[in-house]
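Spelled out from the first residue to the last, the chains are:
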Amino acid sequence: MAHIPINHPLRPVYRALSGLIGLYVLIFGIIGFIQTSGLDFFARHGEWVLGLRTNPAFSILSIITGLAVLAGAVVGRNLFVLINLAAGGVFLIAGMAMMTLLRTDANILAFSMVNCIMSFIFGMVFLAAGLYGKVGTPEDAEAETAFRTGEPAHQ
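A. Seen up close, the environment of Gly-29. Within the secondary structure layout, Gly-29 lies in helix α1 (residues 11–35). Residue Gly-29 is classed as buried on the basis of its relative accessible area of 0%. Considering only alpha carbons, one finds Gly-29 and Phe-111, 82 residues apart in sequence, at a separation of 14 Å. With sequence-adjacent residues up to four places away left out, Gly-29 is seen in contact with Ser-59, Ser-62 and Ile-63.

B. Spotlight on the layout of surface pockets. When its volume is computed, the largest pocket comes out at roughly 300 Å³. In this structure, the largest pocket is lined by 18 residues; those nearest its centre are Phe-58, Ser-62, Thr-65, Phe-91 and Phe-111. Elements represented by at least two residues in the lining of the largest pocket include exactly α1, α2 (56–75), α3 (77–100) and α4 (113–132). Counted by class, the lining of the largest pocket contains 14 nonpolar, four polar and no charged residues.

C. A look at α2. For α2, built from 20 residues, the straight-helix expectation of 28 Å at 1.5 Å per residue is met to within 8% by its first-to-last C-alpha distance of 28 Å. Those residues of α2 not exposed but buried are Pro-56, Ala-57, Phe-58, Ser-59, Ser-62, Gly-66, Val-69, Gly-72 and Ala-73. Check the buried side of α2 and you find it contacts α1, β2 (52–54), α3 and α4.

D. Structural view of the packing of aromatic side chains. Taken as a whole and assessed by the stated rule, the structure comprises eight aromatic pairs. Relative to Phe-42, the ring of Phe-41 lies with its centre 4.9 Å away and its plane at 85°, an arrangement referred to as edge-to-face. Overall, Phe-42 belongs to the partly exposed group, its relative accessible area being 40%. Site record: aromatic cluster; members linked through ring pairs are Tyr-24, Phe-28, Phe-58, Phe-91, Phe-111, Phe-122 and Phe-126.

E. Summary view of the nonpolar core. If you look at the biggest cluster of nonpolar residues, it comprises nine residues: Phe-28, Val-49, Leu-52, Ala-57, Phe-58, Met-98, Leu-109, Phe-111 and Cys-116. Non-local contacts of Met-98, meaning those with residues more than four positions away in its chain, are made with Asn-107, Ile-108, Leu-109, Phe-111 and Cys-116. Counting seven residues, the second-largest nonpolar core is a separate cluster that includes Val-25, Ala-87, Phe-91 and Phe-126.

Cut-offs and rules
Residues numbered from 1 in each chain as written. Predicted model: local features only at pLDDT ≥ 70, side-chain atom pairs only at ≥ 80, totals over all residues. Heavy atoms only, no water. Helix = DSSP H or I, 4+ residues; strand = E, 2+ residues; numbered from the N terminus. Buried < 20%, exposed > 50% of the residue type's maximum accessible area, 1.4 Å probe, protein only. Contact = heavy atoms within 4.5 Å. 1 Å grid on protein atoms, 1.4 Å probe; cavity = no way out; pocket = protein on both sides within 12 Å on 5 of 7 lines; lining within 4 Å. Points joined across faces, edges and corners; volume = space filled by probe spheres on them. Nonpolar A, V, L, I, M, F, W, Y, C, P; charged D, E, K, R; others polar. Expected span 1.5 Å × (residues − 1). Phe/Tyr/Trp six-rings, centres within 6.5 Å; stacked < 30°, edge-to-face > 60°. Core = buried A, V, L, I, M, F, W, Y, C linked by side-chain atoms within 4.5 Å.

What follows is the structure in structure tokens.
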């Protein structure tokens, strides 16, 4: 079994960072949807909003993702961990996939290289938040520490 830290002291920092990124993604999606409402749903040229390029399809995806990540940051607990691990993987895979499609007709989300880079950065922050955000009882934390260090747990 993997030994993910439980009750890590930087958990609130990761939760705040995740929440701020979720809020940015949500606001980006809302503004992007308003600004791109006249474009085709999968327009390949898109509009620049808050430093990233978007079209209506990507704006709607951003709204949904931003809401999910923000909800995870607000609710906290281990739901936060699951949402951030999933979001981190999705952002990294989406960044790689869209980078391979940048200059093709298959760029249906109107990504630019800036979008890909930000997707990688956001994905890494979400993964770190997911890996260091696990919550448990003090006994769980002590058992995990003992497992990680190879020392016997105190009874």
